[in-house]
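Architecture at a glance
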Amino acid sequence: MTKNTIKFISSLQLIIIMNIKYPVLFCFLIVTLLAREKLHRLNEPVVNSSYDPKYTQQELYFDQLLDHYNYVDTVTWKQRYFAVEDYFNPQNGPVILYICGEYTCPGVPDARKWAVQIAEKTQGLILVLEHRYYGKSLPFGNDSLSLENLKFLNTEQALKDLAYFIDQNKNNHKHKI
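Residues numbered from 1 in each chain as written. Predicted model: local features only at pLDDT ≥ 70, side-chain atom pairs only at ≥ 80, totals over all residues. Heavy atoms only, no water.

**Observations regarding the overall build of the protein**
In terms of regular secondary structure, the protein is built from four helices and four strands. Listed N to C, the secondary structure of the protein is α-α-β-β-β-α-β-α in terms of helices and strands. Taking all 177 residues of the protein together, 36% fall into the buried category. Across the protein, the fraction of contacts at a sequence separation of at least 24, relative to all contacts at a separation of at least 6, is 67%. Accessible surface, the protein: about 11,300 Å² in total, of which carbon and sulfur atoms supply 56%. (Helix = DSSP H or I, 4+ residues; strand = E, 2+ residues; numbered from the N terminus. Buried < 20%, exposed > 50% of the residue type's maximum accessible area, 1.4 Å probe, protein only. Contact = heavy atoms within 4.5 Å. Areas by Shrake-Rupley, 256 points an atom, 1.4 Å probe, with all protein chains shown as cover.)

See below:
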């Protein structure tokens, strides 16, 4: 087996484990894996593309838990996300969760309008979540990058951010979900 095959199998094992607790996240990860394997040029704009959708991104914030593993301390901070509701049909439209990586999140990037195209064709809602400690999602403001505060920047907290974000949107019926 090649190194890429081994990495892909390891990723699938992670997805299978996560499917038990987070089916929405499971679907997103499958799409992400397929996109990385087959569409490695997602950062490049499509040349001569006539698709130029008209949509509005709202920049929003919600109260995210600082430490998902401390069940006594419920300190929160403002995590930034974007919403594209232009095509959403709350009766039967899907929710497309786009996760920005470890960079300042611009919402749906110009080079990745495939998410908008999917939303338009399926009457979906796009929610774009910015990663903690990047862009405007700084739990401690200007002090976020101090050594003491960086203890909350890890994979486990970031994955729990996604689960909590999904739960809060569903439980509070945000965006008519």
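**Some points on unusual backbone geometry**
For Q123, which is not glycine, the phi torsion reads 60 degrees and is therefore positive. Tracing the sequence through the fold places Q123 in the loop between α3 (114–122) and β4 (125–129). Even without a glycine there, the phi angle at H175 is positive, about 60 degrees. Considering the arrangement of structural elements, one finds H175 in the segment after α4 (155–171). On the accessibility criterion, H175 (13% relative accessible area) is buried.

**Regarding α4**
Each α-helix winds once per 3.6 residues, and so residues spaced three or four apart point in a common direction. With 17 residues, α4 should reach 24 Å at 1.5 Å per residue; the first-to-last C-alpha distance of 24 Å fits that figure. The N-cap of α4, judged by a side-chain oxygen 3.2 Å from the amide nitrogen of E156 a few residues on, is N154. Positive phi shows up at H173, right after α4, with a value of about 50 degrees. (Expected span 1.5 Å × (residues − 1). Polar contact = N/O pair within 3.5 Å; in protein donor to acceptor, adjacent residues only side chain to side chain.)

**Here we look at α3**
Listing the buried residues of α3 in full gives A115, V116 and A119. The arc that holds the buried residues of α3, viewed along the axis, is 100 degrees, so those residues lie on one side. Each element contacted by the buried residues of α3 is listed here: β3 (95–99) and β4. Directly after α3, the chain includes Q123, whose backbone phi takes a positive value near 60 degrees. (Arc of directions from axis to C-beta.)

**Focus on the environment of Y134**
You can see Y134 is positioned in the loop between β4 and α4. On the basis of relative accessibility, which here comes to 24%, the residue Y134 falls in the partly exposed class. Considered as a pair, Y134 and C105 are 29 residues apart in the sequence and their alpha carbons are 7.8 Å apart. Apart from residues no more than four positions distant in its own chain, Y134 is found in contact with E102 and Y103.

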